Amino acid sequence: AVHKALGSPAAAGESDLEDARNGCMVLPPGPFWALRAVENRNPEDANCAVDVYWQLGAWSPAEGARLSLLEHICYEPLFDSLRTKQQLGYSVGCSSRHTHGRLGFVISVTSATHPPAAVEAAVRAFIASFLEDLGAMSDEAYKAHVEGAVGNKLVEDHSVGDEASRFFPEVESCQYVFDRAHVEAAQMRRVTRDQLTQWARNVLIPGAPGHRCMSFYVKPGNNAPGGGAAAPEASPVPAALPGKSVVVGDPAEFKKGLDVHDHPPQAMPPVEMGWRPPRPGATASPAPE
């Protein structure tokens, strides 16, 4: 990554590795759903794990702002519904992804009491109810969520390690958006509740034009109580798959039919000695020309 950023020759074999990291496979849109289920590495483990991944658009200040707001607003009701009320699993959460310039949203659940298909069904039912609640949210509640999300985005670094963890991905990806937090925070305050709701419905509801989704299951161990072939649901695949669904057996074969999101490196901007990118908790200032 450093060789690439500085334009110096890479070590032997490094160029091919870097080229392979420049793109992200793009899932088909609309009424498409992919499932990848794998065996548990520990045959005695009674837990299953489910990740439901929605692939979003390429990063932009607006797309990044919408994703940050979605994650912030969704996290608490998701935990309250699936973990506290439904007792679906002991680990429940949502998070954002930034994969070679492509954004994503993930809901993750680890459960020792429910099979993967039941977990996913609960996740999708929650999303439907959450979108209804989001659209009906009061102006005051939405504004409070926005300010809370902006505050989280602009939390000040506590160590040099925190600062390095923000800056190095910019160098590694050759994007150099060192003030990314400030750019997204400014955009977050411009997103209205109705705009966020419309966008979320477009990317999270199956069949919507912007819906791109893939689920990942880790099944309970074969020797675990109620697991493996003895389980009532020996196959973790839901009985009724949505239209245009595919169970991914060979990931390499599956990827052959997908497009690649290009994420070209950007030119390193000129930076004068003594200039530093703003800290998240500081006031943003433009880099010298």
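Structural notes, computed from the coordinates. Model, not experiment: these values are computed from the prediction. (Residues numbered from 1 in each chain as written. Predicted model: local features only at pLDDT ≥ 70, side-chain atom pairs only at ≥ 80, totals over all residues. Heavy atoms only, no water.)

Concerning unusual backbone geometry
Of all residues except glycine, most have a negative phi; of all peptide bonds, most are trans.
Point 1. Residues other than glycine seldom take positive phi values, yet Gln-87 does so here, at roughly 55 degrees.
Point 2. Examined against the element boundaries, Gln-87 turns out to sit in the loop between helix H3 (61-85) and strand S4 (91-99).
Point 3. Classification of Gln-87 as partly exposed rests on a relative accessible area of 48%.
Point 4. The phi angle at Tyr-176 is positive, at roughly 65 degrees, despite the residue not being glycine.
Point 5. As for its placement among the helices and strands, Tyr-176 is situated in the loop between helix H6 (160-172) and helix H7 (180-188). (Helix = DSSP H or I, 4+ residues; strand = E, 2+ residues; numbered from the N terminus. Buried < 20%, exposed > 50% of the residue type's maximum accessible area, 1.4 Å probe, protein only.)

Comments concerning the sheet that holds strand S3 (residues 48-58)
Point 1. The six strands are arranged S4-S5-S3-S6-S2-S7 in an open sheet whose pairing can be described as mixed. The sheet terminates laterally at S4 and strand S7 (245-247), the two strands that pair on one side only. Averaged over neighbouring strand pairs, the angle between their axes works out to 15 degrees when direction is ignored.
Point 2. With three bridges connecting them, strand S2 (residues 33-38) and S7 associate as parallel partners. Within S7, the residue paired with Trp-33 across the bridge is Ser-245. (Pairing = 2+ DSSP bridges. Axes fitted to C-alpha atoms, helices over the stretch in contact; angles between N-to-C directions.)

Regarding the environment of Ser-165
Point 1. In this fold, Ser-165 is placed in helix H6.
Point 2. In terms of polar contacts, Ser-165 uses its side chain to reach the backbone carbonyl oxygen of Asp-162, at 2.7 Å. (Polar contact = N/O pair within 3.5 Å; in protein donor to acceptor, adjacent residues only side chain to side chain.)

Here's the deal with the packing of aromatic side chains
Point 1. Counting across every chain of the model gives four aromatic pairs.
Point 2. Aromatic side chains Phe-126 and Phe-130 sit 5.8 Å apart centroid to centroid with 25 degrees between the ring planes, which places their arrangement in the stacked category. A residue pair is termed a helical-turn pair when its members lie 3 or 4 positions apart in one helix, as Phe-126 and Phe-130 do in helix H4 (residues 116-136) at four residues.
Point 3. Assessed through its relative accessible area of 5%, Phe-126 is described here as buried.
Point 4. Overall, the relative accessible area of 4% leaves Phe-130 in the buried class. (Phe/Tyr/Trp six-rings, centres within 6.5 Å; stacked < 30°, edge-to-face > 60°.)

Observations concerning the nonpolar core
Point 1. In this structure, Trp-54, Leu-82, Phe-105, Ile-107 and Leu-204 are the most contacted members of the largest nonpolar core, which totals 45 residues.
Point 2. Setting aside residues no more than four positions away along its own chain, Ile-107 makes contact with Val-50, Asp-51, Val-52, Trp-54, Leu-78, Gly-93, Cys-94, Val-123 and Ile-127.
Point 3. One finds Leu-27, Phe-32, Ala-34 and Val-248 within the second-largest nonpolar core, a separate group that totals nine residues. (Core = buried A, V, L, I, M, F, W, Y, C linked by side-chain atoms within 4.5 Å. Contact = heavy atoms within 4.5 Å.)

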